[in-house]
Amino acid sequence: TEDKRKEAGKQFVDVGIAEETAVAMAAGIATNGGKPVYGVYSSFVQRTYDQLSQDLCINNAPATIITFWGSVFGMNDVTHLGLYDIPMMANIPNLVYMAPTTKEEYLAMLEWSIEQNEHPVAIRLPGGEMVSDGKEVTKDFSKLNKYEVTEKGSMVAVIALGTFYQLGKEVVDDLSDKLGTKATLINPYYITGIDSELLEELKKNHDVVITIEDGILDGGFGEKISRFYGPTDMKVINYGLKKEFLDRYDVNEVLRENHLTKEENVEDVMALMK
């Protein structure tokens with residue numbers, strides 16, 4: 001908005017709809033010691049994939065990218081869908097892609113990303129309403145791919161990424177009642193890597209791991225977890241969106257079709273536990 005542009009002054013650069021220019025410029029500024037922050041809608045990340053890979057990540061330039069509306073709750077026009085950024089961005093070497101679950105986590109990630117000089121960092125804002133829990137975030141984000149067990153249990157572990165962390169909490173609460181024992185809830189924080197040590201630890205007293213993400217499953221976050229457990233006896237269920245072009249859709253209908261509701265998640269797990 002005009003008032004924000006005036007406040008930022010010469011620190012603000014408007015590239016219009018030239019996303020390629022924005023990422024190339026950010027990479028150059030970061031390489032030369034500056035601290036660029038580029039905000040972009042998930043829908044338009046596809047336009048600058050080449051610059052993300054060739055300019056930003058090959059050079060390991062420590063720029064910060066904020067991805068907006070990367071969500072089933074975002075824009076729902078077929079040419080503006082924000083469902084595909086995870087497969088696009090989470091598999092480029094050197095890029096650290098992060099998913100906060102609250103306002104406090106987002107601000108802590110943003111501060112860390114601007115201060116550090118080791119990696120290009122992208123932060124995926126949660127879809128839907130922003131949750132604020134008022135909790136101070138003390139996590140050291142420089143220790144990459146370290147997940148956090150927020151509720152420790154057994155039998156079933158729910159790894160709930162970003163937007164769907166709150167859904168994951170509801171699933172854990174319901175499962176705990178039905179199983180008669182506490183299920184485990186995990187906030188992974190990082191989209192681009194897996195916490196092998198934690199996933200290995202889960203083998204000791206868990207039979208099922210489910211992942212929940214706000215994007216398409218093909219090439220997404222959950223597949224990384226499934227691949228880790230592939231040679232083992234661990235049962236894994238990946239929840240997300242199927243690969244398709246949606247257009248002016250009803251969010252609740254899409255969530256039900258993809259089993260992204262508490263009731264369907266719990267029903268699937270209970271059926272698997274029989």
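Scroll up to find the structure.
Reference entry: report on the structure contained in this document. Along each chain, residues carry numbers from 1 onward, in the same order as the chain's sequence is written. Given that the model is predicted, a residue must reach a pLDDT of at least 70 before its local features are reported, and side-chain atom pairs must reach 80 or more before they are shown or counted; all residues, however, enter totals for whole chains, interfaces and linings. Remark: hydrogens and water are excluded; side-chain values derive from all non-hydrogen atoms of the structure.

Moving on, we come to the overall build of the protein chain. Helix numbers and strand numbers start at the N terminus; a helix is a DSSP run of H or I with at least 4 residues, a strand a run of E with at least 2. For the protein chain, the helix and strand inventory stands at ten helices and nine strands. Once the C-alpha set of the protein chain is aligned to its principal axes, its extents read approximately 60 × 40 × 35 Å. Evaluated residue by residue, the protein chain yields a buried proportion of 51% over its 274 residues. Contacts between residues were defined by any pair of non-hydrogen atoms, one from each residue, lying within 4.5 Å. Here the contacts in the protein chain between residues at least 6 apart in sequence split such that 79% fall between residues at least 24 apart. Of the accessible surface of the protein chain, which amounts to about 13,200 Å², a share of 49% is contributed by carbon and sulfur atoms. Exposure is judged per residue with a 1.4 Å probe applied to protein chains only, and the accessible area is read against the type maximum: over 50% gives exposed, under 20% gives buried, and values in between give partly exposed. Here the accessible surface of atoms and residues is derived via Shrake-Rupley with a 1.4 Å probe, and residues count as covered only by protein chains that are part of the display.

A word on the nonpolar core. We define the nonpolar core as a collection of buried residues of types Ala, Val, Leu, Ile, Met, Phe, Trp, Tyr and Cys that are connected through side-chain atoms lying within 4.5 Å of one another. Counting 69 residues, the largest nonpolar core has Leu 56, Val 158 and Ile 210 as the members making the most contacts within it. Ranked by residues supplied to this core, first place goes to helix H6 (residues 165-179) with six residues. When residues no more than four places from it in sequence are discounted, the contact partners of Val 158 are Gly 168, Val 171, Val 172, Thr 184, Leu 185, Ile 186, Ile 210 and Ile 212. In terms of nonpolar packing, the next biggest core, distinct from the first, is built from 14 residues, Tyr 106, Trp 112, Leu 125 and Tyr 189 among them.

Here we come to the sheet that holds strand E1 (residues 37-41). A pair of strands counts as paired when DSSP detects no fewer than two bridges linking them. An order of E1-E2-E4-E3 is seen for the four strands of this open sheet, with the pairing classed as parallel. Only two strands of the sheet have a single neighbouring strand rather than two, namely E1 and strand E3 (96-98). Taken pair by pair, the neighbouring strands of this sheet meet at an average axis angle of 20°, ignoring direction. Here E1 pairs with strand E2 (residues 64-68) via five bridges, running parallel. Across the sheet, the residue bridging to Gly 39 is Ile 66, located in E2. Every axis in this analysis is a line fitted to C-alpha atoms, fitted for helices over the stretch in contact. Angles between the N-to-C directions lie between 0 and 180 degrees. Strands E1, E2, E3 and strand E4 (121-124) of the sheet are contacted by helix H5 (residues 103-115), whose axis makes an angle of about 170° with E4.

Before going further, it helps to spend a moment on the sheet that holds strand E8 (residues 206-216). Two pairing modes exist for strands in a sheet, parallel and antiparallel, and in both the strands are linked by backbone hydrogen bonds. Here five strands make up an open sheet; going across it, the order is E5-E7-E6-E8-E9 and the pairing mixed. In this open sheet, the two strands that pair with only one neighbour each are strand E5 (148-151) and strand E9 (235-241). For this sheet the average axis-to-axis angle between neighbouring strands, irrespective of direction, equals 25°.

Although it is not a glycine, Tyr 189 adopts a positive phi angle of roughly 65°. Structurally, the position occupied by Tyr 189 is in the loop between strand E7 (184-187) and helix H7 (196-202). Phi is positive for His 259, close to 55°, though the residue is something other than glycine. Take His 259: it is sitting in the loop between helix H9 (251-257) and helix H10 (262-273).

Take Gly 180: it is sitting in the loop between H6 and E7. According to the relative accessible area criterion, Gly 180 is exposed, its value standing at 67%. When the C-alpha positions of Gly 180 and Val 269 are compared, they lie 14 Å apart, and in sequence the two are 89 residues distant.

Moving on: a nonpolar patch on the surface. Patches in this entry comprise residues that are over 30% relatively accessible and not in a salt bridge; like charges within 9 Å are linked, as are nonpolar side chains (Val, Leu, Ile, Met, Phe, Trp, Tyr) within 5 Å. When a carboxyl oxygen of Asp or Glu lies within 4 Å of a side-chain nitrogen of Lys or Arg, that pair is called a salt bridge. A contiguous nonpolar patch, built from Val 13, Met 25 and Ile 29 and spanning about 240 Å² of accessible area, is present on the exposed surface. The residue Val 13 is located in the loop between helix H1 (2-8) and helix H2 (19-31) in this model.

Below, the discussion takes up H6. Look at H6: 20 Å from first C-alpha to last across 15 residues, which is about the 21 Å you get at 1.5 Å a residue. For H6, every residue scored as buried is listed here: Tyr 165, Leu 167, Gly 168, Val 171, Val 172, Asp 174, Leu 175, Ser 176 and Leu 179. In the core, the buried residues of H6 are packed alongside E5, strand E6 (155-160), E7, E8 and H10. In the stretch just after H6, Gly 180 is the one whose phi turns positive, near 75°. Here the expected span of a helix is defined as 1.5 Å times the quantity of residues minus one.

So, on to the pairing of E7. The alternating pattern of E7 places Thr 184 and Ile 186 and Leu 185 and Asn 187 on opposite faces, both of which are buried. Relative to E7, E5 is paired through three bridges, and the arrangement is antiparallel. By the bridge assignment, Glu 148 is partnered in E7 with Asn 187. Where E6 lies against E7, three bridges are found, and the strand directions are parallel. By the bridge assignment, Val 158 is partnered in E7 with Leu 185. A clockwise path from the first strand over the helix to the second, with the strands pointing away from the viewer, defines a right-handed crossover. As for the winding sense of the linkage, the β-α-β connection from E6 through H6 to E7 is right-handed.

Next up on the list: the pattern of salt bridges. Between side chains of opposite charge, a pair can form when the charged atoms approach closely. All chains considered together, the criterion is met by 15 salt bridges. A salt bridge links Lys 182 to Asp 173; its shortest N-O distance comes to 3.8 Å. You can call Asp 173 partly exposed: its relative accessible area is 33%.

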